[in-house]
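Summary of structural features
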2 protein chains.
Amino acid sequence: MDLAARLEEIVGTANVLTGDAIGDDYAHDETLTATPTTPAHVVRPGSADEVAAVLTAAAEAGVPVTARGSGSGLSGSAVPREDGILVSFERMNEILEIDTVNHVAVVQPGVTLTELEAATAEVGMVYPVYPGELSASLGGNVNTNAGGMRAVKYGVTRHHVLGLEAVLPTGETIRTGGKFVKASTGYDLTQLIVGSEGTLALVTEAILKLQPRMTEQATVLAPFPDLASVATAVPKVVGSGIGALILEYIDALTMGAITYTADLQLGVPDEVKEKSQAYLVVMLENNSAQRLAEDVEAVGELLSELGALDVYSLPGGAARKLIEAREKAFFTAKGAGADDIIDTVLPRAALPEFFAKVLEIAQGSQTLVVGCGHAGDGNVHLAVFQKDAEVRHRVLHDLFSAGMALGGAISGEHGIGREKKQHFLDLEDPAKIELMKRIKQAFDPRGILNPGVLFDA
Amino acid sequence: MDLAARLEEIVGTANVLTGDAIGDDYAHDETLTATPTTPAHVVRPGSADEVAAVLTAAAEAGVPVTARGSGSGLSGSAVPREDGILVSFERMNEILEIDTVNHVAVVQPGVTLTELEAATAEVGMVYPVYPGELSASLGGNVNTNAGGMRAVKYGVTRHHVLGLEAVLPTGETIRTGGKFVKASTGYDLTQLIVGSEGTLALVTEAILKLQPRMTEQATVLAPFPDLASVATAVPKVVGSGIGALILEYIDALTMGAITYTADLQLGVPDEVKEKSQAYLVVMLENNSAQRLAEDVEAVGELLSELGALDVYSLPGGAARKLIEAREKAFFTAKGAGADDIIDTVLPRAALPEFFAKVLEIAQGSQTLVVGCGHAGDGNVHLAVFQKDAEVRHRVLHDLFSAGMALGGAISGEHGIGREKKQHFLDLEDPAKIELMKRIKQAFDPRGILNPGVLFDA
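Given the structure is predicted, the values throughout are model-derived calculations rather than measurements. (Residues numbered from 1 in each chain as written. Chains lettered and ligands numbered in written order. Predicted model: local features only at pLDDT ≥ 70, side-chain atom pairs only at ≥ 80, totals over all residues. Heavy atoms only, no water.)

**Section: the overall build of chain A**
The helix and strand inventory of chain A stands at 16 helices and 18 strands. Relative to a compact globule of 457 residues, whose C-alpha radius of gyration would be 23 Å, chain A shows 22 Å and is just as compact. Counting only C-alpha atoms, chain A reaches 75 × 55 × 40 Å along its principal axes. Burial analysis of chain A (457 residues in total) assigns 62% to the buried set. (Helix = DSSP H or I, 4+ residues; strand = E, 2+ residues; numbered from the N terminus. Rg over C-alpha atoms; globule rule 2.2 N^0.38 Å. Buried < 20%, exposed > 50% of the residue type's maximum accessible area, 1.4 Å probe, protein only.)

The following block contains the structure:
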């Protein structure tokens, strides 16, 4: 029996696509630089058992397998191989359980953040991880360890995945962790699979930690003279213990672009705008309106002391729009013709020095580099405008290298995938790369899961 | 050159102990059931380079290596092998840095929790993980993924380890993570090493996340008619969003023992005591005395609604003593002649059913089983009084099995080590055990690190 026939037997004829039946969407994710690639087969399994049978068939045929959620990734790790199978989780999109006693959601990988948000809101809970793109699937979030704006308070995907059902490339299905926040019972397979970009196992179910949903939110916007003064202010805001939900910096060019695109008036007078090269956005939440008002006042005073040119408490509508516009910064950069984006992470104390380095690298290569990012986390999102691929590669190398020299890592939340792999292999400690390859081998002795992602195939 | 001579060359003659020079303390940890074992050599390295050289020498000689911090572990994972080297980290006990901008501490493995508490208090920060035994070393905490009473608010060791320096059994030294809370740059080696009980690598440095230290604390004690009603109340307290620092349950027998041992008067009238089979202890913290007072009142009202027989706001001195006494519950149980202790973790919603099972297992085997635990985390600490080793083994098997059937895991924070290994091998999914063994092989191809811990040697 040929592979296509076997796959049809497993998931049903309607759920195997081959050749021209494969839509363009399956060929790419949102990475700016990846080459769209149509796989040999798209398979849409309906259960973990079907996923296991698909992996067994693929292993026997020696055919590579790539997993896909919503295709909103930014590292190319969901871009299939021409000779491979793309396993699309679009049919495995059920919220299996919202458990209000253990405070967890149990979801299939194809569930989107939007769907989970709606389901948790109904019961007064929240899954607080908040990456920009809410059409993203939880399976994709788990595989890239997605982060987002609320990480400064709640952490990232990793901190909310309590357990997994996952199919190994050997065809075995395992369950890791559970509906509890801690265990010391052997190696933490959950945490190893989170962020592995589809190279170790296919996630078929995730147990996600929920938080009580706070009722009140407020947003403070503070223009600062420059990025360095924003970076200096951030640790003091975190250290104050006020527990900010969001601490974003936005440079003046990016703020101009996203407010223009969103047609958004924030009420910052021109004379302040002119003096401001960078903005800090602080969002607070609370269950008590009175406590929230007190906290807003305290943060305002603190930011003034820390050199803010002014402090604005944004009305609800404007605040929501600003956060939405910030979420869409990637698409704004894309629309403006950005050639690549990066999301280096580094110790937040090193931000001023890193920003100086960025300026130096940009000027030295006649490249436009602008951005925004999760200031509380030291996670810098930069849009790189440089048409020449060779110069751009060098610029990225230099930016990553500068971040790593300051104690950082290449990616805070987007992942390495195919597209940042060369930089990862060039810059990361070879002993760690070799160790990771041996771990990969422990999971996937035949190397069928996402070859070419993280490492060379 | 023989091994002893080579070790002396690496760490200096004074830092290698052999034969009678090896003190009794090196032969054991605090596990009730482990057989004390004197190793062939105790080595006390002073640097990561020395650790690497020791591991290289051990690998060449094919001699097993066990790491030891303070020896306060409860799973036997720091108990050396008769033919092996015990690497004691007592000389690597420096706090290298308290970084108040990035909010991290960088510590050597031999630093104790007491030392870190003093150093962070000076700068208004706190390392919030709070296992019972404060003489424990951070290296030991990292290797067992230690938990403790504050996990319900702050999580466990795993959630605070941002990066490591670790020596692989191949002799290579790697640095993982960094002074940042997130990364998506290859497999998370930090999280894999945390909780691996000295079987994958020797940790020589850890970057630990700190939190702002809150100034105000308050403690509420609520007697309940039975364990089931405590277990029912706990999810509602967590779900209220009040953010309790501590949520401990203590059964009446254990409460009697620890208050008697500590000579502690809590002001609970006899007529309430007589009706109460279980207590809930709720600790709250805040930077504002007024907010704290409001929260104490709100929790008190909530607990009354949830069936508490009464609610007592404990004065500072009594509260501190009660928490201290609770921390020492293990030693109280030990002093009372407990034959073993376990720390099963399970979904908190399953606690009432688990408690019913425990009673059934205890009565069916004529075993006394009493306890306390981290109710907010579903982490149940039980002292088992049963002299007959065979019956006791069966009781533990049944308790673990009951917990796992309810979606739990064998150990929440103590680890598997040597002493719970047989239960782990008997009860855990063989596919996961085999995968863990392959991961072990990826780190430690010669199997020199802590053989006999987690798996059979």
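**So, the interface of chain B and chain A**
Interface size, as often reported, equals the accessible area lost upon joining of the parts. With 79 residues of chain B at the interface, the matching set in chain A holds 79 residues. Together, the buried faces of chain B and chain A total about 6100 Å²; carbon and sulfur atoms form 60% of this surface. Between the two partners, chain B and chain A, sit 10 salt bridges. The partner of E413(B) in a salt bridge is K182(A), with the nearest N and O atoms 2.8 Å apart. If you look at where chain B meets chain A, you find 35 residue pairs in polar contact (both at pLDDT 80 or more). The set of elements that each furnish at least two residues to the side of chain B that touches chain A consists of β9 (173-177), α6 (189-193), α7 (227-239), α10 (289-305) and α16 (430-443) of chain B. (Contact = heavy atoms within 4.5 Å. Buried area = accessible area lost by both parts, 1.4 Å probe. Salt bridge = Lys/Arg side-chain N within 4 Å of Asp/Glu carboxyl O. Polar contact = N/O pair within 3.5 Å; in protein donor to acceptor, adjacent residues only side chain to side chain.)

**Quick look at the nonpolar core**
Of all hydrophobic cores here, the largest spans 167 residues; its most connected members are L303(A), I439(A), F443(A), L303(B), I439(B) and F443(B). Apart from residues no more than four positions distant in its own chain, I439(A) is found in contact with L192(A), L200(A), Y187(B), L189(B), L192(B), A442(B) and F443(B). (Core = buried A, V, L, I, M, F, W, Y, C linked by side-chain atoms within 4.5 Å.)

**Quick notes on the sheet that holds strand β16 (residues 340-342) of chain B**
Residues and elements named next belong to chain B. The sheet built from seven strands is open, its strands ordered β15-β12-β14-β13-β17-β18-β16 with antiparallel pairing. At either end of the open sheet lies a strand with only one pairing partner, and these are β15 (312-314) and β16. Along the sheet, successive strands turn relative to each other by an average axial angle of 20°, direction set aside. Bridge count for strand β17 (residues 368-374) against strand β18 (residues 379-385) is seven bridges, and the pairing is antiparallel. Bridging from a neighbouring strand, L368 pairs with F385 of β18. (Pairing = 2+ DSSP bridges. Axes fitted to C-alpha atoms, helices over the stretch in contact; angles between N-to-C directions.)

**As for the packing of helix α16 (residues 430-443) of chain A against α16(B)**
Where α16(A) contacts α16(B), the two axes come as close as 9 Å, and the packing angle between them is 155°. Here α16(A) lies roughly antiparallel to α16(B), going by the angle between them. As α16(A) packs across α16(B), the resulting crossing turns out to be right-handed. Mapping the contact onto sequence places L435(A), R438(A), I439(A), A442(A) and F443(A) in α16(A) and L435(B), R438(B), I439(B), A442(B) and F443(B) in α16(B). Partitioning the contact of α16(A) with α16(B) into residue classes produces eight nonpolar, no polar and two charged. (Parallel < 35°, antiparallel > 145°, perpendicular 65-115°, else oblique. Left-handed = near helix turned anticlockwise from the far one by under 90°. Nonpolar A, V, L, I, M, F, W, Y, C, P; charged D, E, K, R; others polar.)

**Focus on the relation of the copies chain B and chain A**
The transformation that overlays chain B on chain A combines an axial shift of 0.0 Å with a rotation of 180°, and the residual RMSD is 0.0 Å. With respect to symmetry, the two chain copies, as superposed, fit the operation of a two-fold axis. Comparing interface residues between copies, 100% of those in chain B also sit at the interface in chain A, which points to an isologous, same-surface contact. (Least-squares fit on C-alpha atoms with pLDDT ≥ 70 in both.)

**Some words on the UniProt feature "domain: FAD-binding PCMH-type" (unreviewed entry) in chain A**
Here, UniProt's "domain: FAD-binding PCMH-type" (unreviewed entry) annotation points to residues 35-213 of chain A. As annotated, residues 35-213 of chain A has a helix share of 22% and a strand share of 25%, and its two end C-alpha atoms lie 41 Å apart. (UniProt positions renumbered as here; feature names shortened; annotations may be inferred.)

**Considerations on the pattern of salt bridges**
Evaluation of the coordinates by the stated rule reveals 48 salt bridges over all chains. D99(B) is paired through a salt bridge with K179(B); the nearest N and O atoms lie 3.1 Å apart. Residue D99(B) is located in strand β5 (residues 95-99), and its partner K179(B) is located in the loop between β9 and α6; the two are separated by 80 residues in the primary sequence. In this pair, the class of D99(B) matches that of K179(B), namely buried. In this structure, a network of salt bridges that share partners links the residues E97(A), D99(A) and K179(A).

**So, the sheet that holds strand β1 (residues 16-18) of chain B**
All names here are of chain B. The four strands lie next to each other as β1-β2-β4-β3, forming an open sheet whose pairing is mixed. Both outer strands of the open sheet, β1 and β3 (65-68), are each paired with one neighbouring strand and no more. Between one strand and the next, the sheet's axes are offset by a mean angle of 20°, whatever the strand orientation. Sheet analysis places β3 next to strand β4 (residues 85-88), joined by four bridges and oriented parallel.

**What to know about α16(B)**
Over its 14 residues, α16(B) extends 20 Å from the first C-alpha to the last, a length consistent with the 20 Å expected when each residue adds 1.5 Å. Three or more residues of α16(B) are buried, namely A431(B), K432(B), I433(B), L435(B), M436(B), I439(B), K440(B), A442(B) and F443(B). Where α16(B) is buried, its residues contact β9 (173-177), α6 (189-193) and α16 of chain A together with α6 and α15 (421-427) of chain B. Where α16(B) begins, one side-chain oxygen reaches toward the backbone nitrogen of A431(B), 2.9 Å away; that side chain belongs to D429(B). (Expected span 1.5 Å × (residues − 1).)

**A few points about unusual backbone geometry**
Residue and element names in this part refer to chain A. Phi at E197 takes a positive value of approximately 55°, unusual for a residue other than glycine. Along the chain, E197 falls in the loop between α6 and β10 (202-209). Accessibility expressed as a relative area gives 1% for E197, which makes it buried. Unusually for a residue other than glycine, D263 sits at a positive phi of about 50°. Examined against the element boundaries, D263 turns out to sit in the loop between α8 (252-262) and α9 (270-275).

**Details of the packing of aromatic side chains**
Taken as a whole, this structure holds six aromatic pairs over all chains when the rule is applied. Their ring planes at 75° and their centres at 6.0 Å tell us that F455(A) and Y187(B) sit as a pair that is edge-to-face. Taken together, the positions of F455(A) in the segment after α16 and Y187(B) in the loop between β9 and α6 put the pair across two chains. Y187(B) matches F455(A) in its accessibility class, with the two residues each being buried. Note on Y249(B) and F355(B): the rings are 5.2 Å apart at their centroids and 65° apart in plane angle, and the pair reads as edge-to-face. One end of the pair, Y249(B), is in strand β13 (residues 246-251); the other, F355(B), is in helix α13 (residues 351-364), and 106 residues separate them in sequence. (Phe/Tyr/Trp six-rings, centres within 6.5 Å; stacked < 30°, edge-to-face > 60°.)

**What to know about helix α14 (residues 389-405) of chain B**
Residues and elements named next belong to chain B. The terminal C-alpha atoms of α14 lie 24 Å apart, and with 17 residues this matches the ideal 24 Å at 1.5 Å per residue to within 8%. Looking only at α14, the buried set comprises R392, V395, L396, H397, L399, F400, A402 and G403. Considering only its buried residues, α14 is in contact with β16, α13, β18 and α15. The backbone nitrogen of E390 has a side-chain oxygen 2.9 Å away, supplied by the residue at the start of α14, namely D388. Just beyond α14, the residue with positive phi is G407, at close to 95°.

**Some remarks on the environment of L96(B)**
Among the secondary structure elements, L96(B) is positioned in strand β5. In this structure, L96(B) is in contact with V106(B), V107(B), Q108(B) and E205(B), ignoring residues within four places of it in sequence.

**As for the environment of I323(B)**
Residues and elements named next belong to chain B. In this fold, I323 is placed in helix α11 (residues 316-327). Separated by 75 residues in the primary sequence, I323 and E248 place their C-alpha atoms 9.4 Å from one another. Ignoring anything within four residues of it in the chain, the contact list for I323 reads Y130, M149, I246, V281 and M283.

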